[in-house]
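Next come the chains, spelled out residue by residue.
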Amino acid sequence: MDMKYIDSEIWAIAGGKGGTGKSFLTSQMAVALAEKNKKVIVIDTDFGGANIHSFFGLKKKTSSLNLFFDDKEPLQNLIIETDIKNLSIIPGDYNAITIDSIKYMQKLKLLRHIKKLEADYILLDLGAGSTFNTIDFFLLADKLTVVTVPEITAIENLFQFIRNTYFRKLFFLLGVYGLKNKAKEIWKNRKKHKITNIIGLIDFIKTELDDNPAILAELSDFSINIILNKLRNSSEIDQGFSIRSLCLKYLGVNALFSGYVEYDFQFWKNLSLIQPNSNINISPRIKKEIFQITENIINEKQIKIGTARYG
Ligand SMILES: Nc1ncnc2c1ncn2[C@@H]1O[C@H](COP(=O)(O)OP(=O)(O)OP(=O)(O)O)[C@@H](O)[C@H]1O
Ligand SMILES: [Mg+2]
């Protein structure tokens, strides 16, 4: 057995709102990793609108993750090479029946198979919103990244997404340790316990969990990388730091502001000009920004306040 890829790392990219640039950034972070000579596979896990193939100029969905669920096709057989060295994809093409019937066990099975793929990095491009499928695949990854644009509606949706994700993780852990019903009971009697919101509930549970350091450790391990996309001026960079502070204050979640990407006014031209099997041409500045974000995610670092400038 080839041991070289035994430690593939799974990155999941999601976010609350549609159209913020998740698929674009997933594809470009994959390019950045491939250019570092790492073997990368991008898997389209956007069950509502699979389109990652288009970001690599691949027009036809010749194979799809759907076949893994429907026909038990081995994942290995669904991989399609792109014309970028070290980079291949597993496209998606899902029907409603398959999506609705994916059980948690099947997700775990898919994860096991994903982990066996020969790659250094496996990137999951997830759909918008907070459906269970999206949240579950997100939580199964090693590194969690969300993408937002600097608009209040997008940031609200991002918050809901992070809160729902954190809550699902918490209840999943409570379930594992047989404490789910107790937590539900506490929430039901929240007035009595003077709990007003989720962070209050989590704080309450945490004090109750003093004898259960395993859950506390797993909860404090929960960390999210934030990317701000489509910035139109450098004053918008500050929103990344605000989101980070809000996550900590209202959710108790450690969020890292991994970086920002400018709005590329030439972009529509590039996408419409894609030829089959060719990569999108992006501006050198955007390429640099995405490279920096990728480095930050690898190293679990974030941009420093006051140093971020562009233009
Ligand atoms: N930095 C950017 N500058 C200009 N256009 C961008 C930028 N990032 C993404 N776009 C464009 O915005 C649109 C949405 O991007 P993308 O499909 O990556 O978003 P998404 O979050 O994956 O959407 P969905 O929720 O539908 O999956 C695309 O047309 C994409 O080309
Ligand atoms: Mg997408």
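Summary of the structure given here. Values in this document were obtained by computation on a predicted structure and should not be read as measured data. (Residues numbered from 1 in each chain as written. Chains lettered and ligands numbered in written order. Predicted model: local features only at pLDDT ≥ 70, side-chain atom pairs only at ≥ 80, totals over all residues. Heavy atoms only, no water.)

1. Quick word on the overall build of the chain
Helix and strand content of the chain: twelve helices and eight strands. The proportion of buried residues among the 311 residues of the chain is 51%. Expressed as a percentage of contacts within the chain between residues at least 6 apart in sequence, the contacts between residues at least 24 apart total 78%. Here the chain displays about 15400 Å² of accessible surface, and carbon together with sulfur accounts for 52% of that area. (Helix = DSSP H or I, 4+ residues; strand = E, 2+ residues; numbered from the N terminus. Buried < 20%, exposed > 50% of the residue type's maximum accessible area, 1.4 Å probe, protein only. Contact = heavy atoms within 4.5 Å. Areas by Shrake-Rupley, 256 points an atom, 1.4 Å probe, with all protein chains shown as cover.)

2. Things to note about the environment of Val149
Relative to the elements of secondary structure, Val149 occurs in the loop between strand 6 (143-148) and helix 6 (152-176). Sequence separation between Val149 and Gly15 is 134 residues; the distance between their C-alpha atoms is 10.0 Å. For Val149, the residues in contact, after removing those within four places along its chain, are Thr20, Ala154, Ile155, Leu228, Asn229 and Lys230.

3. Quick notes on the pattern of salt bridges
Throughout the structure, instances matching the rule amount to eight salt bridges. The closest approach of N and O atoms between Lys36 and Glu295, which form a salt bridge, is 2.5 Å. On the criterion of sequence distance, the pair formed by Lys36 in the loop between helix 1 (22-35) and strand 2 (40-45) and Glu295 in helix 12 (residues 284-299) is long-range, its members being 259 residues apart. Lys36 gets classed as partly exposed once you look at its relative accessible area, which sits at 31%. (Salt bridge = Lys/Arg side-chain N within 4 Å of Asp/Glu carboxyl O.)

4. A look at the environment of Ile43
Mapped onto the elements of the fold, Ile43 is located in strand 2. Since its relative accessible area comes to 0%, Ile43 is described here as buried. Taking the C-alpha atoms as reference, Ile43 lies 9.6 Å from His53; in sequence the two are ten residues apart. Leave out the neighbours within four places in its chain, and Ile43 touches Leu65, Ile90, Ile114, Leu117, Ile122, Leu123, Leu124 and Asp125.

5. What to know about the packing of helix 5 (residues 132-140) against helix 6
Interhelical geometry of helix 5 versus helix 6 gives an angle of 70° and a closest axis separation of 10 Å. Between helix 5 and helix 6, the interaxial angle falls into the category roughly perpendicular. Seen from above, helix 5 lies across helix 6 with right-handed handedness. Every residue of helix 6 that contacts helix 5 at Phe132, Thr134, Ile135, Asp136, Phe138 and Leu139 is listed here: Phe161, Asn164, Thr165, Arg168 and Lys169. (Axes fitted to C-alpha atoms, helices over the stretch in contact; angles between N-to-C directions. Parallel < 35°, antiparallel > 145°, perpendicular 65-115°, else oblique. Left-handed = near helix turned anticlockwise from the far one by under 90°.)

6. With respect to the nonpolar core
Membership of the largest hydrophobic core comes to 67 residues, with the highest contact counts inside it found for Ile43, Leu65, Leu75, Ile122 and Phe138. The leading source of residues in this core is helix 6, at ten residues. Summarising the domain contributions, this core has at least three residues from each of domain 1 (9-153 + 223-299) and domain 2 (178-211). Ignoring any residue separated from it by four or fewer positions in sequence, one finds Ile122 in contact with Ser8, Glu9, Ile10, Trp11, Ile41, Ile43, Ile114 and Leu117. In this structure, Val31, Leu33, Val42 and Leu123 belong to the second largest nonpolar core, which totals 29 residues. (Core = buried A, V, L, I, M, F, W, Y, C linked by side-chain atoms within 4.5 Å. Domains from an automatic or database assignment.)

7. As for a nonpolar patch on the surface
A contiguous nonpolar patch, built from Phe172, Val176 and Tyr177 and spanning about 290 Å² of accessible area, is present on the exposed surface. Note that Tyr177 resides in the loop between helix 6 and helix 7 (180-188). Overall, the relative accessible area of 34% leaves Tyr177 in the partly exposed class. (Patch = residues over 30% accessible without salt bridge, like charges linked within 9 Å, V, L, I, M, F, W, Y side chains within 5 Å.)

8. Notes on unusual backbone geometry
A positive phi is found at Asn37, a non-glycine position, where the angle reads about 70°. The topology assignment puts Asn37 in the loop between helix 1 and strand 2. At Lys230, a position not held by glycine, the phi torsion is positive, near 60°. You can see Lys230 is positioned in strand 7 (residues 223-231). Among the residues examined, Lys230 registers a relative accessible area of 31% and is labelled partly exposed.

Honestly, that's just the spatial picture; any functional story needs more than this.
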